[in-house]
Amino acid sequence: MKSLVPQFLLDLWGGLPPVLQNVTIITVQILVVMISVILAVAFSTYFERKIIGHMQGRMGPNRVGPLGLAQPFADVIKLLIKEVVVPSRSNRFLFIIAPLLSIIPALAAWAVIPLTESFVIADINAGLLYVLALTSMGVYGVILAGWATNSKYAFLGAMRSAAQIVAYEIAMGFALVGVLMAGGSLNLGEIVRAQSGGFSNWFIIWLLPLFLVYFIAGVAETNRAPFDVAEGESEIVAGFHVEYSGVAFAVFFLAEYANMILISALTAIFFLGGGASPFEGWTFLGEGSFLREPSFFWLAVKISIFMFAFFWFRATFPRYRYDQIMRLGWKVFIPITIIWIVVEGVMAWLEVGPWAG
């Protein structure tokens, strides 16, 4: 690698203070992750329309670029050149800052995500708490957007979303308590390493109810179908972002898909071993086989599977009534997680599963 870099750049790098070197490395890592997430969001919109189109007997995007691959960029250009209209009776400052409060937590959470065994921007011991704190911050952007707009429809959508996120955030928190008990650490890298050794060591086997609760609650957290009552077009026009247009609407759109990718990545890390290979213990594949080695490839495959599930739900399920969503969160998911935490305590006492040996 050094032979590809001019000598004067190596000399310049060596002359920098260690603090400045660290800042430069972290800045480059942040840029790589952020650009990758934003591109993943752009193409998620394309693949969603393609997948749902095929499920419903339609073609999906096929006009802009080969196979319609340039459609996401056309959408971005369209939203960037459209005028951002701020309602005259709205709170202008909160109206403008609300989309930022939705997108910033969704991007900042990637700082502690172990993309590979060696690549993580901030390998902090309280990574799980950091993720919990940031994923619950997104609700502030939704509430402020609905309130600052000074529109009854937008405010009703914001209140629906706030109540829904609070209900499912509690269930997600209890599910992560189970992951903490099994992994024995708040560090996401340690949780991944606790699942090494092949598919039989993944937490999904011993924490299957918590896995189902966590992922379904993640779908509700992101206000995706069938939990998208915050954007119920047939009831409240378009929900909390009804008055947003142009780039401000695009930021809300970006936040929704960024949160979907984040929930998919976290589910893979907490329950499917992150970048661990499902064939890790398969010795007949040979020593050093790519299929047995942990890598970003396996994490990307798992994220793609969960993203497909998001798209599949949208194409398949009708929107739930609001009372059904609240009942599922409070009366089903929370009791299930509490019961399974007790079951985990029994498994730990008996030294089975993740607690064996």
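Residues numbered from 1 in each chain as written. Predicted model: local features only at pLDDT ≥ 70, side-chain atom pairs only at ≥ 80, totals over all residues. Heavy atoms only, no water.

(A) Spatial organisation of the overall build of the protein. Counting secondary structure elements, the protein contains 14 helices and 0 strands. Overall, the protein shows an N-to-C arrangement of helices and strands of α-α-α-α-α-α-α-α-α-α-α-α-α-α. In terms of C-alpha radius of gyration, the protein reaches 22 Å, essentially the compact-globule figure of 21 Å for 357 residues. When each of the 357 residues of the protein is scored for burial, the buried share is 46%. Here the analysis covers contacts within the protein between residues at least 6 apart in sequence; of these, 75% occur between residues at least 24 apart. (Helix = DSSP H or I, 4+ residues; strand = E, 2+ residues; numbered from the N terminus. Rg over C-alpha atoms; globule rule 2.2 N^0.38 Å. Buried < 20%, exposed > 50% of the residue type's maximum accessible area, 1.4 Å probe, protein only. Contact = heavy atoms within 4.5 Å.)

(B) Region of interest: the packing of helix 10 (residues 208–221) against helix 14 (residues 322–350). The interhelical angle for the contact between helix 10 and helix 14, taken along N-to-C directions, is 150 degrees, at an axis separation of 9 Å. Viewed along their axes, helix 10 and helix 14 adopt a mutual orientation that is roughly antiparallel. As for the relative orientation of helix 10 and helix 14, their crossing is left-handed in sense. Taken together, the residues of helix 14 that come into contact with helix 10 (itself represented by P209, L210, V213, I216 and A217) are F333, I336, T337, W340 and E344. Considered class by class, the residues forming the contact of helix 10 with helix 14 number 8 nonpolar, 1 polar and 1 charged. (Axes fitted to C-alpha atoms, helices over the stretch in contact; angles between N-to-C directions. Parallel < 35°, antiparallel > 145°, perpendicular 65-115°, else oblique. Left-handed = near helix turned anticlockwise from the far one by under 90°. Nonpolar A, V, L, I, M, F, W, Y, C, P; charged D, E, K, R; others polar.)

(C) Region of interest: the confidence of the model for the protein. Confidence along the protein averages 89 in pLDDT terms, with 96% of residues attaining 70 or more. Least confident of the elements in the protein is helix 11 (residues 233–236), whose mean pLDDT is 60; most confident is helix 13 (residues 296–316), at 95. (pLDDT = per-residue confidence, 0-100.)

(D) Focus on the packing of aromatic side chains. This model, assessed by the stated rule, comprises 23 aromatic pairs. Here the aromatic rings of F215 and F313 are separated by 6.2 Å at their centres, their planes lie at 55 degrees, and the arrangement is tilted. In this pair, F215 is assigned in helix 10 and F313 in helix 13, connecting sequence segments 98 residues apart. Among the aromatic residues, those joined into a ring-pair cluster are F211, Y214, F215, F270, F271, F306, F310, F313 and F317. (Phe/Tyr/Trp six-rings, centres within 6.5 Å; stacked < 30°, edge-to-face > 60°.)

(E) Layout of the nonpolar core. Formed by 70 residues in total, the largest nonpolar core has its most connected members in W110, L188, Y214, F270 and F271. Counting residues per element, this core draws most heavily on helix 12 (residues 246–271), which supplies 14 residues. Here L188 is in contact with V112, I113, P114, G127, L128, V131, L266, I269 and F270, once residues within four sequence places are set aside. (Core = buried A, V, L, I, M, F, W, Y, C linked by side-chain atoms within 4.5 Å.)

(F) Quick peek at the side chain of S44. Along the polypeptide, S44 turns up in helix 2 (residues 18–55). Judged by relative accessible area, which is 9%, S44 ranks as buried.

(G) Expanded view of helix 6 (residues 138–148). Among the residues of helix 6, those classed as buried are G138, V139, G141, V142, A145, G146 and A148. Elements that come into contact with the buried residues of helix 6 comprise helix 4 (92–108), helix 5 (127–135), helix 7 (152–183) and helix 12.

(H) Highlighting the pattern of salt bridges. Inspection of every chain in the model, using the stated rule, returns 8 salt bridges. E48 is the partner of R224 in a salt bridge, and the nearest nitrogen-oxygen pair spans 2.3 Å. Of this pair, R224 sits in the loop between helix 10 and helix 11 while E48 is found in helix 2, placing the two residues 176 residues apart along the sequence. The class of R224 is buried, set by a relative accessible area of 2%. A relative accessible area of 2% means that E48 is categorised as buried. Linking R327 and D323 is a salt bridge whose minimum nitrogen-to-oxygen distance equals 3.3 Å. Here R327 and its partner D323 are both found in helix 14, 4 residues apart, which amounts to about one turn of the helix. Overall, R327 belongs to the partly exposed group, its relative accessible area being 42%. Here the residues in one salt-bridge network are E48, R224, E256 and R314, joined through shared partners. (Salt bridge = Lys/Arg side-chain N within 4 Å of Asp/Glu carboxyl O.)

(I) Quick look at the packing of helix 7 against helix 14. Contact pair helix 7 / helix 14: the axes reach a minimum separation of 9 Å and the direction vectors enclose 15 degrees. When the interaxial angle is binned, helix 7 and helix 14 end up roughly parallel. Our pair here, helix 7 against helix 14, has a crossing hand that is left-handed. For the contact of helix 7 with helix 14, the per-class residue count stands at 20 nonpolar, 5 polar and 2 charged.

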